[in-house]
Amino acid sequence: MPNSLVLITVDCLRSDHVGFMGYGHPTTPFLDSLAAQSLVFENGIVAGVPTFYSLPALLASRHAFKYGRDVVGLCEADVTLASALKNAGYATAAFTAGNPYLAPRFGYNLGFDTFHDFLELEPAPTNGLGSNSAGQSLLGRLNQVTERICRRLPSLGPIYDELYFQYCQHLATRATESLDSLRRYPAADVLVDQAKTWLASLGRAPFFLWLHFMDPHGPYYPKKEALRAIGHAEITPQRARYLNGLWTRGLGTARSHRYWQDIVPLYDAGIRWVDQQVAGLGDAMKKLQLWDNSVLAFTADHGEEFFEHGAGGHAPWTMKEELIHVPLFLHSSSAKPARLKSPISHVDVAPTLLSMMDVPAPAGFEGTNRWKAVQLAEEWDEPAIVDSTECINPNRSETRLAPRVLCVREKRFKLILRLGSHQEELFDLEADPGEQHPLPVCPEDGAGRRLLQHARRHLVKMQSGAPRLRLQARLNELRCQIETSVGPIGEQKSDAV
Ligand SMILES: [Zn+2]
């Protein structure tokens, strides 16, 4: 029976960009070799998109809206995977690579003895320019006036955007830079180094280690070594900055398709760097004699779109497979390698992991323990449910109440509901894996009826919410806003000398 756990989550990693799910480029040689000795869930489905609606499922086995829309992330009512293991005597640590939605403010430190979110690091400027660029200079003010004038005339707006973009690129090429200086989040090696130090300090105590990597998250500035490893050493920092600049400006579908083959290697190299660092972590665990007694769970919080369905990045509007279908495997010396086709939701992962380690699951977990079915090689029928809203900024209460988007995903059929526009899309993923030809939804029979019933049951379950927790969440938010403006509440501020 394994007595320790490593959970690895990779931001923005879609399932079809890893070798063990069929990708043809060398993004994951180590993870492929590990997956060959693991339980691979071929239909691993997130419970929400993006990060802030996804990770409550993995860390606390619950759906994002169980307590209502105002509770973003985890809250005091959650008994998390970390707190369950800490209560069982485990040492616990999390290293997350600067994702602001995984901060203690959103409850992700719950149950961890050591929690490092790297949010203290200053991110690189998004346009590749230093903070002393045009800013408040005479040139900067002139630019602001020009922009205001151009915005008043519809035909001049896009011309201004193009010229300003080219001007910024011209300025930035004069600066000496490297991919490392452009990166916005700490690379995987930074987290793994800290994790290794922490593991070495434990002795033989059972542990839970969570690592959340941001390497494939945009803007895409991978390590040079990783670009070389996937055969794209020719991409210079200047070229990477230019491509990211174009990409984040929102090019429109036609122009984005033109740059697709240039931008994807940058994304893939981020995956390759994670692969290489997980290999290093595995080596360190073997040296410390921790590997054989550990379960390693590998997955992603959601995928990434490259305009396959008209959108880029990971805003949740489309709910297509690029976003909701993620790699997922569990490696343990006590688990027989297998590939499973039944859809598994992220809400099921924590109870399954606890069962593998013989630790009782907390009563509040909403997911199903799949460990017994896996051991008996049984399939299951329940679909995975994916929650979201048309909201990309949950920090504002008005956007949190944006219309719901819901997806019900079976192995073969998939239903997407956009409640704001009363749109329904039904897909047969076997006949139409690219989700290009929606089928009519018949509420009277067939797959449409079955999936609508699942959606209805889920929506009714999520309706009750929890007024006290909602109020607490609002108060916390208010406190954060005040602290941002005037400094910490309830702490003596030291005078500057
Ligand atoms: Zn994310």
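All residue numbers refer to positions counted from 1 along the written sequence of the respective chain. Given that this is a predicted model, residues contribute local features only at a pLDDT of at least 70 and side-chain atom pairs are listed and counted only at 80 or more, while totals for whole chains, interfaces and linings are drawn from all residues. Excluded from the side-chain calculation are hydrogens and water; included are all heavy atoms of the structure.

Atoms of type N, O and S within 2.8 Å of a metal are treated as its donors, and for Na, K and Ca the window is 3.2 Å; water is not considered, so some sites may appear to be missing partners. For the zinc ion, the full set of protein donor atoms is D11 (OD), D11 (OD), T51 (OG1), D301 (OD) and H302 (NE2), and the range of their distances to it is 2.0 to 2.8 Å. On the primary sequence, the residues serving as donors to the zinc ion are separated as D-x39-T-x249-D-H. Of this pair, T51 sits in helix α2 (residues 51–60) while H302 sits in the loop between β7 (294–300) and β8 (305–306), and the two are 251 residues apart along the sequence. Summarising the burial analysis for this pair, T51 and H302 share the class buried. We count a stretch as a helix when DSSP gives it H or I for four or more residues in a row; a strand needs E for two or more, and each element gets its number in order from the N terminus. Exposure categories follow from relative accessible area, calculated using a 1.4 Å probe and restricted to protein chains: below 20% of the type maximum is buried, above 50% is exposed, and the middle band is partly exposed.

Here we take up the sheet that holds strand β13 (residues 344–345). Reading across from one edge, β10-β3-β13 is the order of the three strands in this open sheet, with mixed pairing throughout. Both outer strands of the open sheet, β10 (325–326) and β13, are each paired with one neighbouring strand and no more. A pair of strands is considered paired only if DSSP assigns at least 2 bridges between the two. One ladder, built from two bridges, connects strand β3 (residues 44–45) with β13; its direction is parallel. Residue pairing across strands places G44 opposite I344, the latter belonging to β13.

Looking now at the sheet that holds strand β16 (residues 413–418). Pairing is antiparallel across the open sheet formed by four strands, whose spatial order is β14-β15-β16-β17. Among the strands making up the open sheet, the edge pair consists of β14 (384–389) and β17 (423–428). The average undirected angle you get between the axes of adjacent strands in this sheet is 10°. Sheet topology note: the β16/β17 ladder contains six bridges and is antiparallel. Paired with K414 across the two strands is F427, which belongs to β17. Note on method: axes are straight lines fitted to C-alpha atoms, helices fitted across the in-contact stretch only, with angles between N-to-C directions ranging 0 to 180 degrees.

Below, the discussion takes up the nonpolar core. Here, nonpolar core refers to any group of buried Ala, Val, Leu, Ile, Met, Phe, Trp, Tyr and Cys residues whose side-chain atoms link them within 4.5 Å. Judged by nonpolar contacts, the single largest core of 78 residues is most densely connected at I8, F207, L209, F213 and L281. Here, two residues are considered to be in contact whenever any of their heavy atoms come within 4.5 Å of each other. If sequence neighbours within four positions are ignored, F213 has contacts with I8, T9, V10, D11, A97, A188, L191, V192, V274 and V278.

Before going further, it helps to examine the pattern of salt bridges. Once their charged atoms are close, side chains differing in charge can pair, the charge on each being opposite to the other. By definition here, a salt bridge exists when the distance from a side-chain nitrogen of Lys or Arg to a carboxyl oxygen of Asp or Glu is within 4 Å. Counted by the stated rule, this structure contains 22 salt bridges. With its nearest N and O atoms 3.1 Å apart, the salt bridge here joins E425 to R418. Owing to a relative accessible area of 11%, R418 belongs among the buried residues under this scheme. Among the charged side chains, a network of salt bridges with common partners joins E321, R409, K414 and E435.

It is worth spelling out the side chain of H63 at this point. In this structure, H63 sits in the loop between α2 and α3 (81–87). On the basis of relative accessibility, which here comes to 7%, the residue H63 falls in the buried class.

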